[in-house]
Amino acid sequence: MTIHDDLRVTAPVALPERLLLGSGPSPVPERVLSALARPTIGHLDPAFGALMEEMMGRLRRVMVTENQSTLAVSGTGSAGMQTMVDNFVSPGDRVVCGVHGLFGERMADALGRRGANVVRVEAEWGRAIEVERLIAALNGETAALFVVHGETSTGVCQPLDGLADACREHDALLFVDCVTSLGGHPLELDAAGVDVAFSGSQKCLNCPPGLAPFTISDRAVERLRATEEPCPSWYFDLRAILAYWREDAAGAPPRAYHHTAPINMIYALDEALAIVLEEGLPTRWERHHRAHEALRAALKPLGFERLAPAGEELYSLLAVTVPTGVDEASARRRLLLDHGIEVSGGLGPLAGKIWRIGVMGIGAEPEPQRRLVSALAEILSADAAEPLAALAQGWVGGP
């Protein structure tokens, strides 16, 4: 055999169709897929610059912010987290970090690698952190407070009430991870006083993974400009990235080249944001709440109970405990291979104990949920009538 034998053309891998009802990615609408297929142009083309400005405007509306520095970091949600850490945290900074799931743990890890003095405020996985405990951890030496608004590993929504005022009292920045909540759970970043927030394109926005929506308050921009220390990451250096993402103005210098933007992904995100805005945020938030409660009611007769207590649930992700006696890994595998439906298992201390079911965008609709409930009843050898009736009632009656 020669090296050329290994280079022979083979048939492409056959990719199955899946109904993505896990923790992400979420289903992608045809409009977004069509946007991905639009002709690629240059990243410095003025036509692309105009589309970037359109996308930034739409992103501000979805994030409910007036922040001029609102953009999409080239990378997944984790790239947004790294951008936050590398640009707004310096070695030795005291940072209070809320930890009540895997993604709080990841942030604490990233902060520690940056050399920060990480003050962990923890809660049981599956519960929100009491706001009073987060505020009590702040002092005059605190540089920032970080919380996960929508904890993807547990399906819990973290309240933000009072955090911004407390941070300003101590001259600290408020950092928020809204990867799984943006576009699916009520969140108004300016009203909440958030200074820096990141999200992901592949959750409630129904866009493929690859971009991290990111916004920075004027207060945080001032802090960034006052920092003399260079960003430790060349790729995630916001001062350089903002020179590319800035909006064009009369007499302004041309956009400064930093890296080649993922052009077609920005087409896709722009279209995905348009779909969100066409529905309207209040209507969309209400639909996700209705979908969450309808699915919770449908799964209850099958023995699944929601992990988060009432009032702490994340509308866009339903985490449920798996009934005793059910081989959860086997059942999930049958859902995927026999029915083409993906749901996610638990992580960390919840591995093997819970399922994480996405209630995101076009996945938060009656038909995909009916498919899931019917398939699950078949796998569990249960009568689907009661679960399906509960699902239908949930959609009619609402939360």
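What you see is a predicted model; the values in this text were computed from it and never measured.

(A) Focus on the environment of R114. You can see R114 is positioned in the loop between α4 (102-113) and β4 (117-122). Along the primary structure R114 and S90 are separated by 24 residues, whereas in three dimensions their C-alpha atoms are 6.9 Å apart. When sequence neighbours within four positions are dropped, the list of residues in contact with R114 reads V85, D86, V89, S90, P91, E229 and P232. Within the structure, the side chain of R114 is placed 2.9 Å from the backbone oxygen of V89, a separation counted as a polar contact.

(B) Quick peek at the pairing of strand β12 (residues 317-321). Within β12, four of the five residues are buried, which leaves the element mostly enclosed by the surrounding structure. As defined by bridge partners, strand β11 (residues 305-306) adjoins β12 across two bridges and the pair is classed as antiparallel. Within β12, the residue paired with R306 across the bridge is V320. The pairing of β12 with strand β15 (residues 354-358) spans five bridges and is antiparallel. Following the sheet pairing, V320 is matched in β15 by W355.

(C) Representation of the packing of aromatic side chains. The tally for this structure, following the rule as stated, stands at five aromatic pairs. Ring centres of F304 and W355 lie 5.2 Å apart, and the angle between their planes is 35°; this geometry places the pair in the tilted category. Of this pair, F304 sits in the loop between α11 (281-299) and β11 while W355 sits in strand β15; the two residues are 51 residues apart in sequence, bridging distant segments of the chain. For W355, a relative accessible area of 1% translates into the label buried.

(D) View of the sheet that holds strand β2 (residues 69-74). With mixed pairing, the seven strands of this open sheet are ordered in space as β2-β10-β9-β8-β5-β3-β4. Each edge of the open sheet carries a strand with a single partner, namely β2 and β4. Put simply, the sheet's adjacent strands are angled 20° from each other on average, direction ignored. Of the strand pairs in this sheet, strand β3 (residues 94-99) and strand β5 (residues 142-148) are connected by four bridges, and their pairing is parallel. Within β5, the position partnered with V96 by the bridge is L145. Helix-sheet contacts for helix α9 (residues 238-245) involve β2 and β10 (211-216), and the interaxial angle to β2 is about 105°.

(E) Focus on the pattern of salt bridges. This model, assessed by the stated rule, comprises 25 salt bridges. Across the salt bridge formed by E365 and R287, the nearest N and O atoms sit 3.5 Å from each other. Residue E365 is located in the loop between β15 and α13 (366-379), and its partner R287 is located in helix α11; the two are separated by 78 residues in the primary sequence. On the accessibility criterion, E365 (30% relative accessible area) is partly exposed. A salt bridge links E293 to R296, with the shortest nitrogen-to-oxygen separation between them at 2.8 Å. You can see E293 and its partner R296 sitting in helix α11, three residues apart, about one turn around the helix. For E293, a relative accessible area of 14% gives the class buried. Salt bridges here are not isolated pairs; linked through shared partners, they connect R168, D171, D195, R219 and R223.

Criteria and cut-off values
- Residues numbered from 1 in each chain as written.
- Predicted model: local features only at pLDDT ≥ 70, side-chain atom pairs only at ≥ 80, totals over all residues.
- Heavy atoms only, no water.
- Helix = DSSP H or I, 4+ residues; strand = E, 2+ residues; numbered from the N terminus.
- Contact = heavy atoms within 4.5 Å.
- Polar contact = N/O pair within 3.5 Å; in protein donor to acceptor, adjacent residues only side chain to side chain.
- Buried < 20%, exposed > 50% of the residue type's maximum accessible area, 1.4 Å probe, protein only.
- Pairing = 2+ DSSP bridges.
- Phe/Tyr/Trp six-rings, centres within 6.5 Å; stacked < 30°, edge-to-face > 60°.
- Axes fitted to C-alpha atoms, helices over the stretch in contact; angles between N-to-C directions.
- Salt bridge = Lys/Arg side-chain N within 4 Å of Asp/Glu carboxyl O.

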